[in-house]
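# Tertiary structure, described
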Amino acid sequence: MAADCEFSSFSSQSGESSPMKVQSEESSSKEVRNWLELPSDVTCLILKKLGTIEILINAQRVCKLWWMLCKDPAMWRTIDLRDLKYRWDMDLEPEEVARNAVDRSCGELIDINIEYFATDSLMEYITARASNLRRLRLVSCHISDKGLMDTAKKLPLLEDLEISLSGCSFTRESLEVVGRCCPHLRTLKYNKCGHRLPLVECDEEALAIAECMPELRYLQFFGNKLTNDGLQAILDGCPHLEYLDLRQCFNITLPGDLGRRCAERLKTLRRPNDPTDDYEFHAQNLHASVDEDYDGYYDSDYNYDDIGFSSYEYYDYNYDYDYNYDYDYNSSDSADFGP
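A few points on the structure. (Residues numbered from 1 in each chain as written. Predicted model: local features only at pLDDT ≥ 70, side-chain atom pairs only at ≥ 80, totals over all residues. Heavy atoms only, no water.)

### Side note on the pattern of salt bridges
- According to the stated counting rule, one finds 21 salt bridges in the structure shown.
- Among the salt bridges present, the one from E115 reaches R137, with a minimum N-O distance of 2.8 Å. Residue E115 is found in strand 2 (residues 111-115), and its partner R137 is found in strand 3 (residues 135-139); the two are separated by 22 residues along the sequence. Neither E115 nor R137 differs from the other in exposure class; each is buried.
- Between D236 and R261 there is a salt bridge, with its nearest N and O atoms 2.8 Å apart. (Salt bridge = Lys/Arg side-chain N within 4 Å of Asp/Glu carboxyl O. Helix = DSSP H or I, 4+ residues; strand = E, 2+ residues; numbered from the N terminus. Buried < 20%, exposed > 50% of the residue type's maximum accessible area, 1.4 Å probe, protein only.)

Listed below in structure tokens is the structure:
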């Protein structure tokens, strides 16, 4: 007991505090920070990390401050709608979301990415409000030949264009219009599903690029039907070309002078049989059988009667453009996405 008293007296005299008391004092001394007091530019950077869809569907509803920041046109210079097809939690159709996002940009939009649901009417709406667009990416979208030409005519500053796995085939004329109306075009990604069979050769698209897109630096031509003649024309007509992706362009052979010219002229060349591991879309297995080579692809060059069903049935099997979200057009939400 005496020893205990002596220890207690010593602790009291030395001014030491118990661990629990010290921890309590430290906790109470910590300043509680209010995230609403963050500078606006910092908050905007955080919100942009969420992406277009999360901002429209969720983030802007959090508080009045975020609602106001999400109205700033600077927040909408880049619009990414790549995951919209898979958002079954929305009450609005994809086109309505896209139109709302474009409206918020107030003419400052420079980069837009749409997958699966872009149409001629939507592109007409976008180009009427975004003449300063620099980058346009359309994947698995049903844009007509005329729709592509009308789009290009309204985007004179376009520098980067991607049209991948389109539900339509474009004519030489439409690609020529793109080249003439978009003189600053530096990057073109025009990708299809590559097939070894049936054997079809067509240089029309390659010739359009060669004649009307002399400023190209980057060309991805995945799965195209061009031949060595078309490749030769591209090399002649695009003197600044540095990157060329010819993977699964099975009509191309690169022996002799043409192969040497490609190696000397280009910084990067992806050959027809090069691996597709870094290709962002599904690519066929080069070692598959002929029957497997047909499986799961849409290609307008196919003779579908030869493989047992009509082109309409095959198209309907691979692409689903019927978005039924039970959308109420009379709802107040159709005008805006308020909190």
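### A few points about the packing of aromatic side chains
- Within the structure shown, the criterion is met by 5 aromatic pairs.
- Arranged with centres 6.2 Å apart and planes meeting at 40°, the rings of Y190 and F221 form a pair that is tilted. Of this pair, Y190 sits in strand 5 (residues 187-191) while F221 is found in the loop between strand 6 (218-220) and helix 11 (228-237), placing the two residues 31 residues apart along the sequence. As far as the burial class goes, Y190 and F221 line up, both buried.
- Arranged with centres 3.8 Å apart and planes meeting at 5°, the rings of F222 and Y279 form a pair that is stacked. Placement of the pair is F222 in the loop between strand 6 and helix 11 and Y279 in the loop between strand 8 (268-270) and helix 13 (290-294), with a sequence separation of 57 residues. Accessibility classification places F222 together with Y279 in one group, the buried group.
- For R99, the ring lying beneath its charged end belongs to Y125, and the centroid distance is 4.6 Å.
- Between R129 and the ring centre of Y125, over which it is positioned, the NZ or CZ distance is 3.5 Å. (Phe/Tyr/Trp six-rings, centres within 6.5 Å; stacked < 30°, edge-to-face > 60°. Lys NZ or Arg CZ within 6 Å of the ring centre and 35° of its normal.)

### Quick word on helix 12 (residues 256-265)
- Residues of helix 12 that are buried: L258, G259 and C262. All buried residues of helix 12 fall inside an arc of 100° around its axis, so they share one side. Across helix 12 from its buried face, at more than 90 degrees, point the exposed residues D257, A263 and E264.
- Contact partners of the buried residues in helix 12: helix 11 and strand 8. (Arc of directions from axis to C-beta. Contact = heavy atoms within 4.5 Å.)

### Digging into unusual backbone geometry
- The residue after L197, namely P198, is reached through a cis peptide bond having omega -5°.
- Examined against the element boundaries, P198 turns out to sit in the loop between strand 5 and helix 10 (204-212).

### Examining the nonpolar core
- Within the largest apolar cluster, 72 residues are counted, with the highest numbers of intra-cluster contacts made by I114 and L231.
- Once you skip the residues sitting within four places of it in the chain, I114 turns out to touch L81, L122, I126, R137, L138, V139 and C141.
- With 7 residues, the next largest nonpolar core counts V139, C193, F281 and A283 among its residues. (Core = buried A, V, L, I, M, F, W, Y, C linked by side-chain atoms within 4.5 Å.)

### A short note on the side chain of N224
- With respect to the secondary-structure elements, N224 resides in the loop between strand 6 and helix 11.
- The contacts of N224, once residues within four sequence positions are left out, are Y190, K192, C202, E205, Q248, C249 and F250.

### Focus on empty space enclosed by the protein
- In the structure shown here, the tally under the stated rule is 4 cavities of 30 Å³ or more.
- In this model, the second largest cavity occupies a volume close to 70 Å³.
- Along its surface, the second largest cavity is lined by 13 residues, and H195, V200, K225, F250 and N251 are the ones closest to its centre.
- Looking at side-chain class alone, the lining of the second largest cavity contains 5 nonpolar, 6 polar and 2 charged residues. (1 Å grid on protein atoms, 1.4 Å probe; cavity = no way out; pocket = protein on both sides within 12 Å on 5 of 7 lines; lining within 4 Å. Points joined across faces, edges and corners; volume = space filled by probe spheres on them. Nonpolar A, V, L, I, M, F, W, Y, C, P; charged D, E, K, R; others polar.)

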